[in-house]
Amino acid sequence: MIIVKCAQCRRKIFKYRKIGKGKLLHCWKDRLIEDYSLCKQNEVKCQCGNLIGIDEGKWIKMKQHAFYYSGNIDRK
Ligand SMILES: [Zn+2]
């Protein structure tokens, strides 16, 4: 599980179950464990107003450099 945080204010945005290596480009909504973000229409924002990603239905397309993450990645 990883914790995705805002690059501007360092608040938590998501707890997310990431599977596999590589960059976090999308967040599948069914793998979100906890969601602290604010959603306005299809924009997923931090509480500070930083745009984190775009809700595209089944997943959130993450905006690179708007966030960072820490934690363990499941290897399956
Ligand atoms: Zn923020």
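1. Here's the deal with the coordination of the zinc ion
In step 1: For the zinc ion, the protein coordination sphere consists of Cys-6 (SG), Cys-9 (SG), Cys-46 (SG) and Cys-48 (SG), at 2.2 to 2.3 Å.
In step 2: Around the zinc ion, the four donor atoms sit at angles spanning 100 to 113°, and that spread fits a shape best called tetrahedral.
In step 3: Within one chain, the residues serving as donors to the zinc ion are arranged as C-x2-C-x36-C-x1-C. With Cys-6 in strand β1 (residues 2-6) and Cys-46 in the loop between β6 (43-45) and β7 (51-55), this pair connects stretches of sequence that are 40 residues apart. Note on accessibility: Cys-6 and Cys-46 belong to one class, buried.

2. Quick look at the pattern of salt bridges
If the charged atoms of two oppositely charged side chains come close together, the side chains can form a pair.
In step 1: By the definition in use, this model includes three salt bridges.
In step 2: In this structure, Asp-55 and Lys-29 form a salt bridge, with 2.7 Å as the shortest nitrogen-oxygen distance. Taken together, the residues span a long stretch of sequence, with Asp-55 in strand β7 and Lys-29 in the loop between β3 (26-28) and β4 (32-35) at a distance of 26 residues.
In step 3: Two residues, Glu-43 and Lys-45, come together in a salt bridge whose shortest N-O distance is 3.6 Å.

Parameters at a glance
- Residues numbered from 1 in each chain as written.
- Predicted model: local features only at pLDDT ≥ 70, side-chain atom pairs only at ≥ 80, totals over all residues.
- Heavy atoms only, no water.
- Donors = N, O, S within 2.8 Å, 3.2 Å for Na, K, Ca; no water.
- Tetrahedral: all angles 85-135°; square planar, octahedral: opposite > 155°, others 65-115°.
- Helix = DSSP H or I, 4+ residues; strand = E, 2+ residues; numbered from the N terminus.
- Buried < 20%, exposed > 50% of the residue type's maximum accessible area, 1.4 Å probe, protein only.
- Salt bridge = Lys/Arg side-chain N within 4 Å of Asp/Glu carboxyl O.

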